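Here is how the chains run, residue by residue.
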Amino acid sequence: MSRLAQTHGLNDVQQEILKTVRDFVDKEIIPVATELEHRDEYPQQIVEGLKELGLFGLMIPEEYGGLGESLLTYALCVEEIARGWMSVSGIINTHFIVAYMLKQHGTQEQKDTFLPRMAAGEVRGAFSMSEPALGSDVSAISSKAVRDGEEYVLNGQKMWLTNGGTSTLVAVLTRSDEGHPEGTAPHKSMTTFLVEKEPGFGEVRPGLTIPGKIDKMGYKGVDTTELIMDNLRIPANRVLGGETGRGFYHMMDGVEVGRVNVAARGCGVAQRAFELGVSYAQQRQTFGKAIAQHQAIQFKLAEMATKVEAAHAMMANAARKKDSGERNDLEAGMAKYLASEYCKEVVEDAFRIHGGYGFSKEYEIERLYREAPMLLIGEGTAEIQKMIIGRRLLEEYRLQG
Ligand SMILES: Cc1cc2nc3c(=O)[nH]c(=O)nc-3n(C[C@H](O)[C@H](O)[C@H](O)COP(=O)(O)OP(=O)(O)OC[C@H]3O[C@@H](n4cnc5c(N)ncnc54)[C@H](O)[C@@H]3O)c2cc1C
């Protein structure tokens, strides 16, 4: 077990879950990750293993067949999985966000219908806010839902849908004017629809097309797609929570726990980069000694390890805050911002320690170097995190009188 990134105060169940996940990562993920990633191959066998471990239902309440675990347990598992291969954590992340949104905001019928099958990994979730013209500015979405009797008719194009092809339940955010007259604030006229579909590409349901995988620089293996709605008919009972106009809040709530998750991924990737760097530095010789014996390299290792430790502490703090029932947007924003920036820096240092070999696809650090940038963007860019952090600070430190 690593000395870095320890989490104090875990109970026996949490420790047991983490040990099981860590063993699974070491035996089933790390040995195959780079090869699968280079082939951009979906890690089906790993996904089956995660299902058996119950990870698709980790935070789903026990009454729906899940393990009913905390956000902290979930985040620590994600950290371990991302240490093995970040794409695998991406496969469970959107599923986790949709299950969380259902648990928090779904009608009883929606929870009964989806949560047990989500806990078993039979129904797999994806969530869709972004469109070709926007990602940060969610309030500007143009996809639209119009009521027609007991159904809604959805039109529009969505972009950057993680697990777009493999999922069977997509939480889709659209504008919906019904009951929200002209002039209603944009974030009060949005609705989340629970869209069921077949897995795969092409027309996966009448009116719904998943064109194919977007070819990406990293984060391979997991499918990221567009989603096109052309008179897609969705029954009214598939409005999340049964009420239109709440979609913006649903999504922001989901993204908030998603931010802790992205921070955890940054922690996991940074840990792996540190492990690779500290190991290589003791093997490579220059000027008659291991490069780890050069002070400049030791300083790099010191900086890397300090960043791994700091990011882990902030991530665990943000998760604990949410678990305690308190608002955690400030802590989640800070953790996501710091962990993703530190991850990029630690990966770059590990890459430099590898010298020319870091540039070779034979070395794992090459994959991490292409994966780390995704964390700077997903669940809100650094600029968006800083806007959230800044606004919250001004609320907390407002001048009195
Ligand atoms: C691999 C991948 C997977 C993704 N998966 C999903 C998914 O599953 N579901 C989903 O809905 N979305 C997903 N996204 C989309 C992601 O959330 C967006 O890419 C992200 O929010 C940024 O939006 P954008 O790309 O439109 O950039 P923009 O919003 O166009 O921003 C461009 C630049 O401008 C900056 N900027 C924007 N506004 C401001 C401002 N007010 N002040 C200062 N700077 C600003 C940004 O920080 C950024 O640097 C994914 C993206 C990627 C790359």
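Residues numbered from 1 in each chain as written. Predicted model: local features only at pLDDT ≥ 70, side-chain atom pairs only at ≥ 80, totals over all residues. Heavy atoms only, no water.

**Student:** Can you explain the overall build of the protein? Please cite residues and give values.
**Tutor:** Helix and strand counts for the protein stand at 10 helices and 10 strands. Radius of gyration (C-alpha) of the protein: 22 Å, near the 21 Å computed for a compact globule of 401 residues. The C-alpha extent of the protein, read off along each of the three principal axes, is 80 × 60 × 40 Å. The 401 residues of the protein split such that 57% are buried. Partitioning the intrachain contacts of the protein with sequence separation of at least 6 by distance along the chain shows that 75% fall at a separation of at least 24. Here the protein has roughly 17,400 Å² of accessible surface; of this, 52% comes from carbon and sulfur atoms. Across the protein, the 45 positively charged side chains and the 56 negatively charged ones have centroids separated by 4 Å. (Helix = DSSP H or I, 4+ residues; strand = E, 2+ residues; numbered from the N terminus. Rg over C-alpha atoms; globule rule 2.2 N^0.38 Å. Buried < 20%, exposed > 50% of the residue type's maximum accessible area, 1.4 Å probe, protein only. Contact = heavy atoms within 4.5 Å. Areas by Shrake-Rupley, 256 points an atom, 1.4 Å probe, with all protein chains shown as cover. Lys, Arg positive; Asp, Glu negative; His and termini not counted. Charge placed at Lys NZ, Arg CZ, Asp CG, Glu CD.)

**Student:** So what about the pairing of strand E5 (residues 190-196)? Which residues, and what values?
**Tutor:** Most of E5 sits inside the fold, with six of its seven residues counted as buried. Pairing between strand E4 (residues 169-176) and E5: seven bridges, direction antiparallel. By the bridge assignment for E5, Leu-173 is matched with Thr-192. (Pairing = 2+ DSSP bridges.)

**Student:** Which residues make up the pattern of salt bridges, and what values do they have?
**Tutor:** One pass over the structure, following the stated rule, counts 36 salt bridges. Here Arg-327 ties to Glu-395 by a salt bridge, and the two come within 3.4 Å at their closest N and O atoms. Here Arg-327, found in the loop between helix H7 (295-323) and helix H8 (329-353), pairs with Glu-395, found in helix H10 (residues 382-396); they are 68 residues apart in sequence, far enough to count as distant. What makes Arg-327 partly exposed here is its relative accessible area of 46%. (Salt bridge = Lys/Arg side-chain N within 4 Å of Asp/Glu carboxyl O.)

**Student:** Let's hear about the packing of helix H1 (residues 12-39) against helix H9 (residues 364-377): which residues, and what values?
**Tutor:** For the pair H1 and H9, interaxial distance at closest approach is 10 Å and the crossing angle is 65°. Seen along the crossing, H1 lies across H9 with a hand that is left-handed. For the pair formed by H1 and H9, the contact residues are Ile-30, Ala-33, Thr-34, Glu-37 and His-38 on the first element and Glu-364, Glu-366, Arg-367, Arg-370 and Glu-371 on the second. Class assignment of the residues belonging to the contact of H1 with H9 gives a composition of two nonpolar, two polar and six charged. (Axes fitted to C-alpha atoms, helices over the stretch in contact; angles between N-to-C directions. Left-handed = near helix turned anticlockwise from the far one by under 90°. Nonpolar A, V, L, I, M, F, W, Y, C, P; charged D, E, K, R; others polar.)

**Student:** Kindly report on the site of the ligand, identifying the contributing residues and their values.
**Tutor:** Close to the ligand lie 16 residues, the nearest being Ser-136, Trp-160, Thr-162, Thr-381 and Glu-383. Contact between the ligand and Met-129: an oxygen atom at 2.8 Å from a main-chain N or O atom of the residue. In isolation the ligand exposes 980 Å². Once the protein is present, 64% of that is buried. Mapped by element, the contributors of at least two residues to the shell around the ligand are strand E1 (125-128), strand E3 (151-162), H9 and H10. Counting residues per element, the shell around the ligand draws most heavily on E3, which supplies three residues. Viewed by domain, the shell around the ligand spans two of them, domain 2 (125-244) and domain 3 (249-396), each represented by three or more residues. (Near = heavy atom within 4 Å. Polar contact = N/O pair within 3.5 Å; in protein donor to acceptor, adjacent residues only side chain to side chain. Domains from an automatic or database assignment.)

**Student:** Account for the environment of Arg-391, naming residues and giving values.
**Tutor:** Along the chain, Arg-391 turns up in helix H10. It is 9.0 Å that separates the C-alpha atoms of Arg-391 and Leu-330, two residues lying 61 residues apart in sequence.

**Student:** Describe in detail the packing of aromatic side chains, supporting the description with residues and values.
**Tutor:** Following the criterion strictly, the structure yields seven aromatic pairs and no others. Both rings, one in Phe-248 and one in Tyr-249, keep their centres 6.2 Å apart while their planes meet at 85°; by these two values the pair is edge-to-face. On the basis of relative accessible area, Phe-248 is assigned to the buried category, the value being 18%. Aromatic pair Tyr-280 and Tyr-363: ring centres 6.3 Å apart, planes at 85°, arrangement edge-to-face. (Phe/Tyr/Trp six-rings, centres within 6.5 Å; stacked < 30°, edge-to-face > 60°.)

**Student:** Give me the domain arrangement of the protein: which residues, what numbers.
**Tutor:** Here the protein is partitioned into domain 1 (12-119), domain 2 (125-244) and domain 3 (249-396). The C-alpha centroid of domain 2 is placed 23 Å from the C-alpha centroid of domain 1. Facing the 25 residues of domain 1 at the interface are 24 residues of domain 2. Here domain 1 and domain 2 share an interface that buries about 2,000 Å² over both sides, 62% of which is from carbon and sulfur atoms. Three residues, Asp-40, Thr-94 and Phe-114, lead the burial of domain 1 against domain 2; their summed loss comes to 27% of the area buried on that side. (Buried area = accessible area lost by both parts, 1.4 Å probe.)

**Student:** Could you give an account of the nonpolar core, with specific residues and numbers?
**Tutor:** By size, the foremost hydrophobic cluster in this structure holds 103 residues, and its most contacted members are Ile-29, Leu-50, Ile-81, Leu-102 and Met-118. Of all the elements, helix H6 (residues 247-283) adds the most residues to this core, at 16 residues. Aside from chain neighbours lying at most four places away, what touches Leu-102 is Gln-110, Lys-111, Phe-114, Leu-115, Met-118, Leu-169, Leu-194 and Leu-240. Among the nonpolar cores identified, the runner-up in size contains 18 residues, and Val-172, Met-229, Ile-234 and Ala-236 belong to it. (Core = buried A, V, L, I, M, F, W, Y, C linked by side-chain atoms within 4.5 Å.)

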